[in-house]
Amino acid sequence: MRLPSLLKEVWKNLFEKPATVKYPHEKLGVPESYRGKHLLARSRCTGCGLCGEVCPASAITMEQLGNGIFPVIDLSKCIFCYQCGDACPRGAIIRGREVELASWSKEDLILK
Amino acid sequence: MPSVDINIGPVHPALHEPEKFVFKVDGEVVVDVEPRLGYVHRGIEKAAGEKTFTQAVYLVERVCGICNVAHTLASVQAIERAFEVDVPARAKYLRTIIHELNRLHSHLLLLGVACELMGFDTLFMMLWRDREVVMDLMELATGNRVMSAYNVIGGVRRNISDHEVSTIRKALTSLSEGVKRYRKAFAEDPTIRARCVNVGRLSPFKGISLGAVGPTARGSGINVDVRVKEPYAAFDEIQCTPITYNEGDSWARFMVRIDELHESIRIIDEALNKMPRGPIRVPVAEVAPQTAESFSIVEAPRGELLHHIYVKKGEDRPLRYRIRTPTYANMPALCEMLKGGYIADIPVTLVSIDPCFSCTDRLTLIDIRSHKRKVVRLKSSI
Ligand code: SF4
Ligand code: SF4
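Residues numbered from 1 in each chain as written. Chains lettered and ligands numbered in written order. Predicted model: local features only at pLDDT ≥ 70, side-chain atom pairs only at ≥ 80, totals over all residues. Heavy atoms only, no water.

### Considering the overall build of chain A
The criterion, for reference: Each helix is a run of H or I in the DSSP string that is no shorter than four residues. Each strand is a run of E no shorter than two, and both are numbered from the N terminus. Radius of gyration means the value over C-alpha atoms here, while the globule rule gives 2.2 Å times the residue count to the 0.38 power. Think of it in three bands: with a 1.4 Å probe and only protein chains considered, a residue is buried below 20% of the maximum accessible area for its type, exposed above 50%, and partly exposed in between. Should any heavy atoms of two residues lie within 4.5 Å, those residues are considered in contact. Each accessible area is a Shrake-Rupley estimate made with a 1.4 Å probe; only the visible protein chains count as cover when residues are assessed.
Regarding its fold elements, chain A presents 3 helices and 5 strands. Relative to the 2.2 N^0.38 estimate, which gives 13 Å for 112 residues, the radius of gyration of chain A is 22 Å and therefore markedly larger than a compact globule would have. C-alpha extents for chain A along the principal axes are approximately 80 × 30 × 20 Å. Relative to its 112 residues, chain A shows a buried fraction of 33%. Intrachain contacts of chain A at a sequence separation of at least 6 include 70% that bridge at least 24 residues. Of the roughly 7700 Å² that chain A leaves accessible, carbon and sulfur atoms contribute 56%.

The structure is reproduced here in structure tokens:
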């Protein structure tokens, strides 16, 4: 009987470093291009509401905050497409790279 | 002896998605199959008509998570055709590259699942380990592992830097070494051959008459590949060779996919070499400039995928959106393959067409007289 051609690789795997990492203790990180949690630059925002208009997930509502109307993003609805960032004429929605967004309460996921 | 009906699904270990099949069996042999589709119908076509064009692209991206790039590509191409927009050359190349990366990931996933179903868990793990290389490249190039949100109307969302080009090249070279080893295993391994060779045969004649598409058709020696027959994106400038096998069994369908991995790696390499510099996106009007009907066909990892839209002048939403997905086209051929086979071979045959039921389930019929809604059985619709 011929030996299966993968046997060599299987044998090699026994002595190699595992392909996986132990996640919460060891992290791989995300590349520069990653679309994570938004950064809202409220000083640049004019409150025009364009970002809320285009959002495909209806995740953005405009709310009275302090002395102006500003976008509020519900991250539990957001699909991280960054169409809002594309639509914003003032560059007030900046791409962030934070990925660990799990939370015990939905209120923590409201981004103001 | 009369045949016995065996229900498999909607929830069953051999199926990865909720779908039901009624197999009429005589002893161990399947004599007839009745698929019952519709468990994951989500009304996406209707919902797409209620979203603006920009939003509809993100919605159809979710028809199927695995081939999301094929869906957005078909969608934006159909909209661009209706709007008569010309996309910059660099964007076309970038679309091609991401489209092929998506195919690599989809094929590696399917081959892994197939190995798992055959009980060959070692190869399953190896294939999925190497699939991570492709997922990392997707993340690097588009900004997300799965939902790329890369194709937008008028171009693509993100450019690829020279540094990223060299990272992609390096990763794909090492992937290609791995694929060579896996090809050898698929071609020669006694376990795989025992489970796949001569299982689920589809003759070229049946394949053509039942309208099989993609790797399912190419495994039966039918030379269909949208990338070659109707070049889109940058495929008019990039050489692409369709892979066909004449055996027509499950083994041939897996071999088509594994050879397509090499072909995709080569296509990405060629596209990276030829890619011109320049803009990646042009601004597009939000409302349709004219009343038009347009469609776009792309070669999704599972076969030919069609997006068909109607737009009305001055409207910012599609009037009607229609999608035809490859698994749906392959269902009649699948029923043909299963007939005459053994019960134990059902999972392998099923997985050999790379079924994706979440894309398939969009067909509902409404009886006009009684206003009753019913999901059509495939048997009654062909
Ligand atoms: S990233 Fe997309 S889904 Fe999320 S808030 Fe912005 S537009 Fe809406
Ligand atoms: S589009 Fe930009 S400027 Fe307008 S409300 Fe949104 S964040 Fe503010």
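### Section: the site of ligand 2
This is how the line gets drawn: Proximity criterion: a residue is near a molecule or strand once any of its heavy atoms comes within 4 Å of it. A cavity, in this analysis, means grid points on a 1 Å lattice covering only the protein atoms where a 1.4 Å probe fits yet has no way out; a pocket is instead an open set bounded by protein on both sides within 12 Å along at least five of seven lines, and a residue lines either one if it has an atom within 4 Å of a point. Pocket occupancy is defined atom-wise: a molecule lies in a cavity or pocket when more than half of its atoms are within 2 Å of its grid points.
Of all residues adjacent to ligand 2, which total 14 residues, the nearest are A:Cys45, A:Cys48, A:Gly49, A:Cys51 and A:Cys88. Comparing atom positions with the cavity grids shows ligand 2 to sit within the largest cavity.

### Observations concerning the interface of chain B and chain A
The condition is simple: We count a salt bridge whenever a side-chain nitrogen from Lys or Arg sits within 4 Å of a carboxyl oxygen from Asp or Glu. The term polar contact refers here to a pair of N or O atoms within 3.5 Å; inside protein, the definition further demands a hydrogen-donor-capable atom paired with an acceptor-capable atom, and it admits residues adjacent in sequence only when both atoms are side-chain atoms. We call Asp, Glu, Lys and Arg charged. Ala, Val, Leu, Ile, Met, Phe, Trp, Tyr, Cys and Pro are nonpolar, and the rest, Gly among them, are polar.
In this complex, chain B contributes 27 residues to the contact, which on the side of chain A involves 22 residues. Our enumeration of links across chain B and chain A arrives at 4 salt bridges. Between A:Asp86 and B:Arg281 there is a salt bridge, and its shortest N-O distance comes to 2.9 Å. Connecting chain B to chain A are 18 residue pairs in polar contact (both at pLDDT 80 or more). Elements supplying a minimum of two residues to the side of chain B that touches chain A: α2 (53-60), α5 (121-142) and α6 (162-188) of chain B. Ranked by residue count, the leading element in the side of chain B that touches chain A is α5(B), at 7 residues. Of the residues that constitute the side of chain B that touches chain A, the class distribution is 9 nonpolar, 7 polar and 11 charged.

### What to know about the site of ligand 1
With respect to spatial proximity, 13 residues lie near ligand 1, and among them A:Cys55, A:Cys78, A:Cys81, A:Tyr82 and A:Cys84 are the closest. Taken together, the residues of the shell around ligand 1 break down into 11 nonpolar, 2 polar and no charged.

### A word on unusual backbone geometry
Residues and elements named next belong to chain B. A positive phi angle, near 45°, is found at Ala 149, a position not held by glycine. Locating Ala 149 in the fold gives a position in the loop between α5 and β4 (151-152). Exposure remark for Ala 149: the relative accessible area of 4% places this residue in the buried category.

### A closer look at the sheet that holds strand β2 (residues 20-26) of chain B
All names here are of chain B. To keep things clear, this is the line we draw: We treat two strands as partners when DSSP finds at least two bridges between them. Every axis corresponds to a line fitted to the C-alpha atoms, with the helix fit spanning only the stretch in contact, and the corresponding angles, defined between N-to-C directions, vary from 0 to 180 degrees.
Taken together, 3 strands build an open sheet; the order of strands is β1-β2-β3 and the sheet is antiparallel. Each having just a single partner strand, β1 (4-8) and β3 (29-36) make up the two edges of the open sheet. Put simply, the sheet's adjacent strands are angled 25° from each other on average, direction ignored. The pairing of β1 with β2 spans 5 bridges and is antiparallel. Its bridge partner being in β2, Asp 5 is matched across the sheet by Lys 24. Packing against the sheet, helix α12 (residues 326-338) makes contact with β2 and β3, and its axis sits at approximately 160° to β3.

### A short note on the sheet that holds strand β5 (residues 110-111) of chain A
All names here are of chain A. Pairing in this open sheet of 3 strands is antiparallel, and the strands run β2-β3-β5 from one edge to the other. Two strands in the sheet have a free side with no partner beyond their single neighbour: β2 (60-65) and β5. Bridge count for β2 against strand β3 (residues 68-74) is 6 bridges, and the pairing is antiparallel. Paired with Thr 61 across the strands is Val 72, a residue of β3.

### A few points about the packing of aromatic side chains
Applied cut-off: Pairs were defined over the aromatic rings of Phe, Tyr and Trp, the Trp ring being its six-membered one, requiring ring centres within 6.5 Å. Orientation was assigned from the angle between planes: stacked under 30 degrees, edge-to-face over 60, tilted for the rest. Whether a charge sits over a ring depends on NZ of Lys or CZ of Arg being within 6 Å of the ring centre and within 35 degrees of the ring normal.
Scanning the entire structure with this criterion turns up 7 aromatic pairs over all chains. Where B:Phe186 meets B:Phe254, the ring centres are 6.1 Å apart and the plane angle is 55°; that geometry is what we call tilted. In this pair, B:Phe186 sits in helix α6 while B:Phe254 sits in helix α11 (residues 250-274), placing the two residues 68 residues apart along the sequence. A cation over a ring is seen here: A:Arg42 above A:Phe70, with NZ or CZ 5.3 Å from the ring centre.

### Some points on the nonpolar core
Residues and elements named next belong to chain B. To keep things clear, this is the line we draw: To form a nonpolar core, buried Ala, Val, Leu, Ile, Met, Phe, Trp, Tyr and Cys residues must be joined to one another through side-chain atoms within 4.5 Å.
If you look at the biggest cluster of nonpolar residues, it comprises 97 residues, and the most contacted ones within it are Leu 101, Leu 104, Leu 123, Leu 172, Phe 186 and Phe 254. The element best represented in this core is helix α4 (residues 89-118), accounting for 14 residues. Contacts of Leu 104, omitting those with residues within four sequence positions, involve Val 134, Leu 172, Leu 175, Leu 261, Ser 264, Ile 265 and Ile 268. Grouped together as the second largest cluster of nonpolar side chains are 22 residues, Val 30, Leu 37, Met 331 and Ala 333 included.

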